[in-house]
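Now for the letters of each chain:
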Amino acid sequence: MFNSTYIELSQTALANNISFLRKQLKGNARLSFVAKGNAYGHGIKPIVSMAEKAGVDHFSVYSAEEAEQVYAASKAHPTVLVMGYLSDAAVEWAIEKGVEFFVFEFKRLEKAVQIAKRLNIPAKIHLELETGMNRTGFQVEELPQVVEFVKKNAGYIELVGCCTHFAGAESISNYLRIQKQKRAFKKYLKYLQQQDLQFEQIHACCSAAAFRYPDMHFDLVRFGIMNYGYWPSEEIFIEYSSKKKKLGQDPLKRVISWKSSVMSLKKVEKGDFIGYGTSYQASENIEIALVPVGYGYGYSRNLSNTGRVLINGKRAGVIGIVNMNCIAVNINNLETVKIGDEVTLIGGEGDQQISVASFSKFSDQLNYELLTRLPHNIPRLIK
Ligand SMILES: *Cc1c(COP(=O)(O)O)cnc(C)c1O
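Definitions and limits used
- Residues numbered from 1 in each chain as written.
- Predicted model: local features only at pLDDT ≥ 70, side-chain atom pairs only at ≥ 80, totals over all residues.
- Heavy atoms only, no water.
- UniProt positions renumbered as here; feature names shortened; annotations may be inferred.
- Helix = DSSP H or I, 4+ residues; strand = E, 2+ residues; numbered from the N terminus.
- Buried < 20%, exposed > 50% of the residue type's maximum accessible area, 1.4 Å probe, protein only.
- Contact = heavy atoms within 4.5 Å.
- Near = heavy atom within 4 Å.
- Polar contact = N/O pair within 3.5 Å; in protein donor to acceptor, adjacent residues only side chain to side chain.
- Areas by Shrake-Rupley, 256 points an atom, 1.4 Å probe, with all protein chains shown as cover.
- Nonpolar A, V, L, I, M, F, W, Y, C, P; charged D, E, K, R; others polar.
- Salt bridge = Lys/Arg side-chain N within 4 Å of Asp/Glu carboxyl O.

- If you look the protein up in an unreviewed UniProt entry, it shows as Alanine racemase from Luteibaculum oceani.
- Recorded in UniProt for the protein, the comment headed Catalytic activity (unreviewed entry) runs: "L-alanine = D-alanine".
- Regarding the protein, the relevant UniProt record gives this comment under Pathway (unreviewed entry): "Amino-acid biosynthesis; D-alanine biosynthesis; D-alanine from L-alanine: step 1/1."

Printed below as a string of structure tokens:
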């Protein structure tokens, strides 16, 4: 391999998480595997084939580009649902291909019908309702017009779903706002059903909402972050594990490990500065290892003088400034480190663990953000 750093993905961990999430589903609710953001940074291509091995047959993504990537990686014929952006050209592609998509604008509805008529294939749509997040979704005032239009063009619209999204179910501080959203969704849904619109799938929950509001699973749950082994927030984890009387015991397993290797070793004398500038001065004679990964690969500059890595199962601290392609770590307290030894930037070695959470606290990014910022061009290896 020519690369200085790589990402390892664990099939066992992914299968474990999917099976755990399936067990949480109420009634006949189905699991949709959210693979947006390059599968939360893990890589759509490897993750889709891994998820299919674990029995996943429904993927949700943000754009047509991602939907294409799911198809390219898939060996089965999964349902693919686009929750966000589609250009007009992509609407045509989606209808031809049988891709399902959220509709939250009247213009999009008209466009979909226009193209469906031309292709003589009904568009598979999910009506997204605005219930209080104020992101995308039809306003309640628009619903009579939507009903009329859908009924008039019934032959060209397959009403697959009706859905909404909650504004921060992972935090109890949003509780009242979410209660209002739940009530609004049920009310608008009832209205649509009274107008004789029938939906195959009603859905509202992401990971956090699925755990906090199990009464809202309906027919489909859109699980994202938890598939990859992370809780949407510490709060949701503590709530779950204390309810189960297994406080702190995590049923999820991290899928990703991020690795590199020791490129060079050096002895530095007491009083000398390390790397650019003067942010780190050796307070004793020390030995350092240079690792060929830096902010150019998503290893944040905020980890300068604070990041931790594992070498031979032991922790070593980043010293000096994170460079574009390189970091220095203090290996003074480690036994013999050799050039070529594996370095773990995220993941476990023995009983030691560098978690994305600790990493993202240091670098001031959320799990979600840190993961999705992992560059696409770092090779992904399935283990
Ligand atoms: C991202 C997203 C999800 C998944 O969220 P997680 O918190 O990762 O489970 C579900 N639904 C919509 C509409 C989303 O945008």
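### Some thoughts on the UniProt feature "active site" (unreviewed entry) in the protein
Argument step 1. Residues annotated by UniProt as "active site" (unreviewed entry) correspond here to Lys36 and Tyr276. Spanning 241 residues, the annotated positions stay apart in the fold, the maximum distance between their C-alpha atoms being 37.1 Å.
Argument step 2. With respect to the secondary-structure elements, Lys36 resides in helix H2 (residues 36-40).
Argument step 3. On the accessibility criterion, Lys36 (30% relative accessible area) is partly exposed.
Argument step 4. The contact partners of Lys36, leaving out residues within four places of it in the chain, are Ser60, Val61, Tyr62, Glu66 and Met83.
Argument step 5. Mapped onto the elements, Tyr276 comes out in the loop between strand E11 (264-268) and strand E12 (286-291).
Argument step 6. Those residues within four positions of Tyr276 in sequence are excluded, and the remaining contacts are Ile321 and Asn323.

### Digging into the site of the ligand
Argument step 1. Taken together, 13 residues lie around the ligand, and Lys36, Tyr40, Ser207, Ile225 and Tyr368 are the ones closest in.
Argument step 2. Between an oxygen atom of the ligand and a side-chain N or O atom of Lys36, the distance comes to 2.7 Å.
Argument step 3. Within the backbone of Ile225, a nitrogen or oxygen atom sits 2.8 Å from an oxygen atom of the ligand.
Argument step 4. Contact with the protein chains hides 93% of the accessible area of the ligand, taken as 390 Å² for the molecule alone.
Argument step 5. Taken together, the elements giving at least two residues each to the shell around the ligand come down to H2 and strand E9 (220-223).
Argument step 6. Its residues assigned to classes, the shell around the ligand shows seven nonpolar, three polar and three charged.

### Examining the pattern of salt bridges
Argument step 1. With the rule as written, the count across this model stands at 14 salt bridges.
Argument step 2. Note that Arg212 is salt-bridged to Glu239, the shortest N-O span being 3.0 Å. With a gap of 27 residues between them, Arg212 in helix H9 (residues 207-212) and Glu239 in helix H10 (residues 234-243) connect regions that are remote in the sequence.
Argument step 3. The class for Glu239 is partly exposed, based on a relative accessible area of 25%.
Argument step 4. With a closest N to O distance of 2.6 Å, Arg373 and Glu369 form a salt bridge.
Argument step 5. Assessed through its relative accessible area of 52%, Arg373 is described here as exposed.
Argument step 6. Connected through shared salt-bridge partners, Glu8, Lys259, Glu342 and Lys383 make up one network.

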